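Overview (structure and organization)
Read off the chains here:
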Amino acid sequence: MDEIYKNKKKFDDKFIKDYKSISHIIYAHSFTDGQMWFGYDGFINLKNWLIFTIQELKKTNNKIIVKAHPNFFNKNLGEYAALDKKIFYQIKKKYESDNIIFITEPIENNYLLNKISKETILISHHGTALLEGLYSGFKCISSKSTFWSSKFKVTNQWNSQKEYKKLLNRRF
């Protein structure tokens, strides 16, 4: 993963005017890899999950960052990365607005965590970015279908679309 970042110029974040106003960060996942590896949670794939998440948060005028997965830019993954990137850009084209900002280059999670408010909610289907966020004191939302056991209760978890919708609309 480090090779994705090592030759990277500094992230140009001029389009993010006020990091402290960001209410949510959504971490996108590969759309072509292991869709239900950890079980079913109400979504048939990660594209549907991402679109559902954006649409739900959009209803209440939240200020959202949607962060591309670094593997979308990993040339070693060939066609998989290219297809993931293509799907991500299709979603970006449909939903990008003043309140929904898409980060379309690989940046380290800590860069974002150090700029946003501790009130920002971090959302991932099953990603390790949430573990970094938890360590830094952020509230996080994830599926119960993840590689860590739900019995640890490290994140606010869902097991159905109905539960997920409730979490997305909850005031922490």
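Below you will find a few notes about this structure. Since we're looking at a predicted model, the values are computed, not measured.

**Some words on the overall build of the protein chain**
Tallying secondary structure elements over the protein chain gives six helices and six strands in all. In sequence order, the protein chain lays out its α and β elements as α-β-α-β-α-β-α-β-α-β-β-α. Each of the 172 residues in the protein chain was classed as buried or not, and the buried ones make up 48%. In the protein chain, once contacts between residues fewer than 6 apart in sequence are set aside, the share between residues at least 24 apart is 62%. Total accessible area computed for the protein chain in this model is approximately 9600 Å², and 50% of it derives from carbon and sulfur atoms.

**Quick look at the packing of helix α2 (residues 46-58) against helix α6 (residues 161-168)**
α6 packs onto α2 with a crossing angle of 40 degrees between their chain directions and a minimal axis gap of 10 Å. Viewed along their axes, α2 and α6 adopt a mutual orientation that is oblique. Both α2 and α6 take part in a crossing whose hand is right-handed. Across the interface between the two elements, Trp49, Phe52, Thr53, Glu56 and Leu57 from α2 touch Gln161, Tyr164, Lys165 and Leu168 from α6.

**Side note on the environment of tyrosine 89**
Along the polypeptide, tyrosine 89 turns up in helix α3 (residues 78-95). For tyrosine 89, a relative accessible area of 33% puts it in the partly exposed group. The spatial distance from the C-alpha of tyrosine 89 to the C-alpha of phenylalanine 102 is 9.1 Å, given a sequence separation of 13 residues.

**Some points on the pattern of salt bridges**
Counted by the stated rule, this structure contains two salt bridges. With a shortest N-O distance of 3.1 Å, glutamate 56 and lysine 59 are connected by a salt bridge. Take lysine 59: its relative accessible area is 58%, and that puts it in the exposed class. Taking the shortest distance from any N to any O, the salt bridge between glutamate 96 and lysine 92 comes out at 2.9 Å.

**Quick word on the sheet that holds strand β5 (residues 139-143)**
Spatially, β3-β2-β1-β4-β5-β6 is the arrangement adopted by the six strands of the open sheet, whose pairing is parallel. Edge positions in the sheet fall to β3 (100-103) and β6 (156-158), since each of these pairs with one other strand and no more. Along the sheet, successive strands turn relative to each other by an average axial angle of 20 degrees, direction set aside. Here four bridges tie strand β1 (residues 24-27) to strand β4 (residues 121-124), and the two strands are oriented parallel to one another. Counted as the bridge partner of histidine 24 is isoleucine 121 from β4. Sheet contacts for α3: β2 (64-67) and β3; angle to β3, the most-contacted strand, approximately 155 degrees. Lying over the sheet, α6 contacts β1, β4, β5 and β6, oriented at roughly 150 degrees with respect to β6.

**Brief notes about unusual backbone geometry**
Non-glycine residue asparagine 61 carries a positive phi angle of around 60 degrees. The exposure class of asparagine 61 is exposed, given its relative accessible area of 61%.

**As for the environment of leucine 122**
You can see leucine 122 is positioned in strand β4. Residue leucine 122 is classed as buried on the basis of its relative accessible area of 0%.

**Here we look at the pairing of β4**
In β4, alternate side chains face the same way, and those of Ile121 and Ile123 on one face and Leu122 and Ser124 on the other are all buried. Inspection of the sheet shows β4 paired to β5 by three bridges, in the parallel sense. Among the inter-strand pairings, isoleucine 123 is bridged to a residue of β5, identified as isoleucine 141. Taken together, β4, helix α5 (residues 129-135) and β5 form a β-α-β motif whose crossover is right-handed.

How each quantity is defined
- Residues numbered from 1 in each chain as written.
- Predicted model: local features only at pLDDT ≥ 70, side-chain atom pairs only at ≥ 80, totals over all residues.
- Heavy atoms only, no water.
- Helix = DSSP H or I, 4+ residues; strand = E, 2+ residues; numbered from the N terminus.
- Buried < 20%, exposed > 50% of the residue type's maximum accessible area, 1.4 Å probe, protein only.
- Contact = heavy atoms within 4.5 Å.
- Areas by Shrake-Rupley, 256 points an atom, 1.4 Å probe, with all protein chains shown as cover.
- Axes fitted to C-alpha atoms, helices over the stretch in contact; angles between N-to-C directions.
- Parallel < 35°, antiparallel > 145°, perpendicular 65-115°, else oblique.
- Left-handed = near helix turned anticlockwise from the far one by under 90°.
- Salt bridge = Lys/Arg side-chain N within 4 Å of Asp/Glu carboxyl O.
- Pairing = 2+ DSSP bridges.
- Right-handed = clockwise from strand over helix to strand, strands pointing away.

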